[in-house]
Amino acid sequence: IQLTQSPSSLSASVGDRVIITCRASQGISNYVAWYQQKPGKAPNLLISATSTLQGGVPSRFSGSGSGTDFTLTISSLQPEDFATYYCQQFHASPPTFGPGTKVDVK
Amino acid sequence: QELLVQSGAEVKRPGASVQVSCQASGYKFTLYGISWLRQAPGQGLEWMGWISGYNGNSDTAQEFAGRLSLTTDTSTSTAYMEMRSLTFDDTAVYYCARDRPIVAGTGSDPFNLWGQGTPVVVSS
């Protein structure tokens, strides 16, 4: 299952609302996860099953969607949120990832 | 505290093999699977394979069939990844990550625990 993400990169300011989309090549129900990765670090799971926020993840992060189209929303971007974000499907093996969306400072 | 701690960076010649270890602590190793993933420089994440911490059953992505071996040592709660016949394209950071609980059956879950990553450079 192929995943595409848009945009591939975006420039934003602190306080901005950021929306990242992920599209799957076939229906994957709600089996989507979102990760945040900072340079030199392992990815960090933010959201599982489309919209389930992981413990310790700020509530400004949210996820939605179903079927083939999914979104990650950051309601008010904070300085620590500048990073690359990946979606992942775990509906079918092999698990696959989107190419990533880099969020940097405007 | 749940942790996965990986072995250190490696530099290998083309055609060589590399082994990366991943030691789990803070949770019962035999209750979960471990997946291995890699990330080439500036690129995205690629799943390589999975191994059961319970009985050593494994599944490997077709791309790596024949040159990837996954093993475990339950006495030390350690998973091992060995890749043979390395090429320049295998230069990447290799990660282990905790996968689905064994009792949940086949399939994969989001990866909520990761090792710190092991850089592997293939260079002549």
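Just above sits the structure.
Here's what I pulled together on the structure shown here.

### A word on the layout of surface pockets
Stage number 1. Computed from the structure, the largest pocket encloses a volume of approximately 490 Å³.
Stage number 2. Forming the walls of the largest pocket are 25 residues, and the residues nearest its centre are Gln 37, Pro 39, Thr 84 and Tyr 86 of chain A together with Gln 39 of chain B.
Stage number 3. Elements that contribute at least two residues to the lining of the largest pocket include exactly β9 (84-89) and β11 (101-105) of chain A together with β9 (92-101) of chain B.
Stage number 4. Among the elements that make up the lining of the largest pocket, the one with the highest residue count is β11 of chain A (three residues).

### Side note on the interface of chain A and chain B
Stage number 1. Contact residues are listed per partner, giving 15 residues for chain A and 15 residues for chain B.
Stage number 2. Summed over both partners, the interface of chain A with chain B buries about 1300 Å², with 67% contributed by carbon and sulfur atoms.
Stage number 3. Sorting the residues of chain A by area buried against chain B places Pro 43, Pro 95 and Phe 97 of chain A first, and these three jointly supply 36% of that buried surface.
Stage number 4. In this assembly, chain A and chain B are joined by zero salt bridges.

### Some thoughts on the sheet that holds strand β3 (residues 18-24) of chain A
Residue and element names in this part refer to chain A.
Stage number 1. Read across the sheet, four strands follow the order β1-β3-β8-β7 without closing on themselves; strand pairing throughout is antiparallel. The sheet is open, and its two borders are formed by β1 (3-6) and β7 (61-66), each paired with just one other strand. Ignoring strand direction, the axes of neighbouring strands in this sheet form an average angle of 20 degrees.
Stage number 2. In this sheet, strand β8 (residues 69-74) lies alongside β3 in antiparallel orientation, the contact comprising six bridges. Its bridge partner being in β8, Ile 19 is matched across the sheet by Thr 73.

### As for the nonpolar core
Stage number 1. Counting residues in hydrophobic clusters, the biggest one holds 38 residues, and the most contacted among them are Ile 34, Trp 36, Met 81 and Met 83 of chain B.
Stage number 2. Examining the composition of this core, we find that five residues originate from one element, β9 of chain B, more than from any other.
Stage number 3. With sequence-adjacent residues up to four places away left out, Met 83 of chain B is seen in contact with Ala 16, Ser 17, Val 18, Arg 38, Met 48, Phe 64, Arg 67, Leu 68, Asp 90 and Tyr 94 of chain B.
Stage number 4. Formed by 23 residues, the second largest nonpolar core is a distinct cluster that contains Leu 3, Ala 12, Ala 24 and Val 32 of chain A.

### A look at the packing of aromatic side chains
Where two aromatic rings form a pair, the distance of their centres and the angle of their planes describe that pair.
Stage number 1. Tallied over the entire structure, the rule returns eight aromatic pairs over all chains.
Stage number 2. Seen from their ring centres, Tyr 35 of chain A and Trp 114 of chain B are 5.8 Å apart, and the 85 degrees between their planes marks the pair as edge-to-face. Within this pair, whereas Tyr 35 of chain A is found in strand β4 (residues 32-37), its partner Trp 114 of chain B is found in the loop between β9 and β10 (118-122), the two belonging to separate chains.
Stage number 3. The exposure class of Tyr 35 of chain A is buried, given its relative accessible area of 0%.
Stage number 4. With a centroid separation of 6.3 Å and 40 degrees between ring planes, the pair formed by Phe 61 of chain A and Tyr 85 of chain A is classed as tilted. Of this pair, Phe 61 of chain A sits in strand β7 while Tyr 85 of chain A sits in strand β9, and the two are 24 residues apart along the sequence.
Stage number 5. By relative accessible area, which is 0% here, Tyr 85 of chain A ends up buried.
Stage number 6. Each member of the aromatic cluster is reached from another via a ring pair, and the members are Tyr 35 and Phe 97 of chain A together with Tyr 95, Phe 111 and Trp 114 of chain B.

### Some points on the state of the cysteines
Residues and elements named next belong to chain A.
Stage number 1. Going through the model one piece at a time under the given rule, you end up with two disulfides over all chains.
Stage number 2. Disulfide pairing is shown between Cys 22 and Cys 87; the S-S distance is 2.1 Å. Negative torsions about the S-S bond denote left-handed disulfides, and the value of about 75 degrees found for Cys 22 with Cys 87 makes this one right-handed. Remark: Cys 87 occurs in strand β9 and Cys 22 occurs in strand β3; sequence separation between them is 65 residues. In this pair, the class of Cys 22 matches that of Cys 87, namely buried.

### Things to note about the pattern of salt bridges
All names here are of chain B.
Stage number 1. Tallied over the full model, the rule gives 11 salt bridges over all chains.
Stage number 2. Across the salt bridge formed by Arg 67 and Asp 90, the nearest N and O atoms sit 2.8 Å from each other. In this pair, Arg 67 sits in the loop between β6 (58-60) and β7 (68-73) while Asp 90 sits in the loop between β8 (78-83) and β9, placing the two residues 23 residues apart along the sequence. Comparing Arg 67 with Asp 90 shows no difference in burial state: the two are buried.
Stage number 3. The shortest N-O distance in the salt bridge between Arg 100 and Asp 109 comes to 3.0 Å.

Parameters at a glance
Residues numbered from 1 in each chain as written. Chains lettered and ligands numbered in written order. Predicted model: local features only at pLDDT ≥ 70, side-chain atom pairs only at ≥ 80, totals over all residues. Heavy atoms only, no water. 1 Å grid on protein atoms, 1.4 Å probe; cavity = no way out; pocket = protein on both sides within 12 Å on 5 of 7 lines; lining within 4 Å. Points joined across faces, edges and corners; volume = space filled by probe spheres on them. Helix = DSSP H or I, 4+ residues; strand = E, 2+ residues; numbered from the N terminus. Contact = heavy atoms within 4.5 Å. Buried area = accessible area lost by both parts, 1.4 Å probe. Salt bridge = Lys/Arg side-chain N within 4 Å of Asp/Glu carboxyl O. Pairing = 2+ DSSP bridges. Axes fitted to C-alpha atoms, helices over the stretch in contact; angles between N-to-C directions. Core = buried A, V, L, I, M, F, W, Y, C linked by side-chain atoms within 4.5 Å. Buried < 20%, exposed > 50% of the residue type's maximum accessible area, 1.4 Å probe, protein only. Phe/Tyr/Trp six-rings, centres within 6.5 Å; stacked < 30°, edge-to-face > 60°. Disulfide = S-S within 2.5 Å.

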